[in-house]
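The lines below spell out each chain.
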There are 2 protein chains.
Amino acid sequence: MAVDAFAVLAEPTRRRILGRLLEAESSVNELVEALEVSQPTVSKQLKVLREAGFVICRTEAQRRIYRIRAAPFQALDDWLQPYRALWDRHLDALERHLDNLE
Amino acid sequence: MAVDAFAVLAEPTRRRILGRLLEAESSVNELVEALEVSQPTVSKQLKVLREAGFVICRTEAQRRIYRIRAAPFQALDDWLQPYRALWDRHLDALERHLDNLE
DNA sequence: TGCGCATATAACTGTCAAGGCATATACACT
DNA sequence: AGTGTATATGCCTTGACAGTTATATGCGCA
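Conventions adopted
Counting restarts for each chain, with residues numbered from 1 along the sequence as it is written. Each chain takes a letter, starting from A, and each ligand takes a number, starting from 1, following the order in which they are written. Whole-chain, interface and lining totals are the exception, using all residues; otherwise, since this is a predicted model, local features are given only for residues with pLDDT of at least 70 and side-chain atom pairs are given and counted only at 80 or more. Only hydrogens and water are set aside; all other atoms, that is, all heavy atoms of the structure, feed into the side-chain values. With a 1.4 Å probe rolled over the protein chains alone, any residue whose accessible area is under 20% of its type maximum counts as buried; one over 50% counts as exposed, and the rest are partly exposed. Per the convention used, a helix needs a DSSP run of H or I reaching at least four residues, while a strand needs a run of E reaching at least two, with both numbered from the N terminus. Directions from the helix axis toward the C-beta atoms define the arc. Only heavy atoms enter the contact rule, under which two residues are in contact if any of them lie within 4.5 Å. Strand pairing requires that DSSP identify at least two bridges connecting the strands. Any residue with a non-hydrogen atom lying within 4 Å of a molecule or strand is treated as near it. Two N or O atoms form a polar contact when they lie within 3.5 Å of each other; inside protein one atom must be a possible hydrogen donor and the other a possible acceptor, and for residues adjacent in sequence the pair counts only when both atoms belong to side chains. Amino acids outside the nonpolar list (Ala, Val, Leu, Ile, Met, Phe, Trp, Tyr, Cys, Pro) and the charged list (Asp, Glu, Lys, Arg) are all regarded as polar, and Gly is one of them. Axis lines are fitted through C-alpha atoms, for helices just across the contact stretch, and the angle between N-to-C directions can take any value from 0 to 180 degrees. To superpose the copies, least squares is applied to the C-alpha atoms of every residue with a pLDDT of at least 70 in both.

Here's the deal with helix α3 (residues 28–35) of chain A
Residues and elements named next belong to chain A.
- Residues of α3 that are buried include every one of V28, L31, V32 and L35, and no others. Burial along α3 is one-sided: seen end-on, the buried residues are contained in an arc of 105 degrees.
- On its buried face, α3 is in contact with α2 (12–23), β1 (26–27), α4 (39–51) and β3 (63–68).
- Looking one or two residues past α3, E36 carries a phi angle of roughly 55 degrees, positive in sign.

This is the structure:
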């Protein structure tokens, strides 16, 4: 996963944006109203999310419609995988981790 | 999950410590040598990790043996759960296609 | 009890990023 | 063209935090 994905997710405003985008794609203004933060703040965080691959946007007239992307979350899921050996007693996770260690 | 778990994981040094502790519990000095960072830095980050529940330590003579804990990783796994709908459920062909485009 | 090892903490400093305000850009419509 | 709407960006201030150095604390041992 991108090295800084955790840094991206560390910001509460960005997590709120992602939570909202998980429900439905939205324009910038819809996010501004839903989250009650300023428009520049939303645009800035969307830029961070976009550059980290968490969202993409398309243009509809003057509006930009943002949509969430799966890839970074999958990468996060992958990163988490070896740590699942800590609690998942099912042999899969542990074996895979040990295999990856060689 | 604790609100600031992502902030904890956002720090590369802390992730390195966790990666190392996943392999084996370690004393502070072992971490210092393995990661090649200063001892105060390790102690400081261990304190952050401890307060966030990522590690616990026991005392053995003058040494503190640190061990990783499962709970925060499980919480992270839980947080991730709704986002898994993005890829491991019925993702229709069009959406997958658009994702692949960018 | 005094010394040395292992670890924690304090004070300081530099960096970086979030949010606010103001402004620029892009587009639609008349 | 000119106006209003939607979004992006630049500048600025402020706060948080990582790393360093120096020092304190805890423990074992002679």
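Let us keep going from here.
Overview of the environment of A5 of chain A
Residue and element names in this part refer to chain A.
- Structurally, A5 is set in helix α1 (residues 5–9).
- Relative accessible area serves as the criterion here: at 4%, A5 is assigned to the buried category.
- Sequence spacing of A5 and P72 is 67 residues, and the spatial spacing of their C-alpha atoms is 7.4 Å.

Regarding the pairing of β3 of chain A
Residue and element names in this part refer to chain A.
- As paired elements, β1 and β3 share 2 bridges and run antiparallel to each other. What sits directly across from S26, in β3, is Y66.
- Hairpin connection, strand β2 (residues 55–60) to β3: the antiparallel pair is bridged by 2 residues, and A61 has positive phi, about 55 degrees.

Some remarks on the protein's contact with DNA strand D
- Neighbouring DNA strand D are 22 residues, the closest being Q39, S43 and Y66 of chain A together with K44 and Q45 of chain B.
- Those atoms of DNA strand D that come within 4 Å of the protein belong to sugar or phosphate at a rate of 61%.
- Contact distances for DNA strand D include 3.3 Å between a phosphate oxygen and a side-chain N or O atom of T41 of chain B.
- K44 of chain B has a polar side-chain atom sitting 2.6 Å from a base nitrogen of DNA strand D.
- With 5 residues, the top contributor of residues to the surface near DNA strand D is α4 of chain A.
- Of the residues belonging to the surface near DNA strand D, the class tally is 5 nonpolar, 10 polar and 7 charged.

Observations concerning the sheet that holds strand β1 (residues 26–27) of chain B
All names here are of chain B.
- Taken in spatial order, the 3 strands line up as β1-β3-β2 in an open sheet, and their pairing is antiparallel. Two strands close off the open sheet at either side, each with one partner strand: β1 and β2 (55–60).
- Taken strand by strand, helix α2 (residues 12–23) contacts β1, β2 and β3 (63–68), and its axis lies near 90 degrees from that of β3.

Quick word on the relation of the copies chain A and chain B
- For the pair chain A and chain B, the best superposition has an RMSD of 0.1 Å and corresponds to a rotation of 180 degrees with a translation of 0.0 Å parallel to the axis. What we have between these two chains is a two-fold relation. Closest approach to the rotation axis among the C-alpha atoms of chain A is made by F6 of chain A, whose C-alpha sits 3.0 Å away.
- Comparing interface residues between copies, 85% of those in chain A also lie at the interface in chain B; the contact surface is shared.

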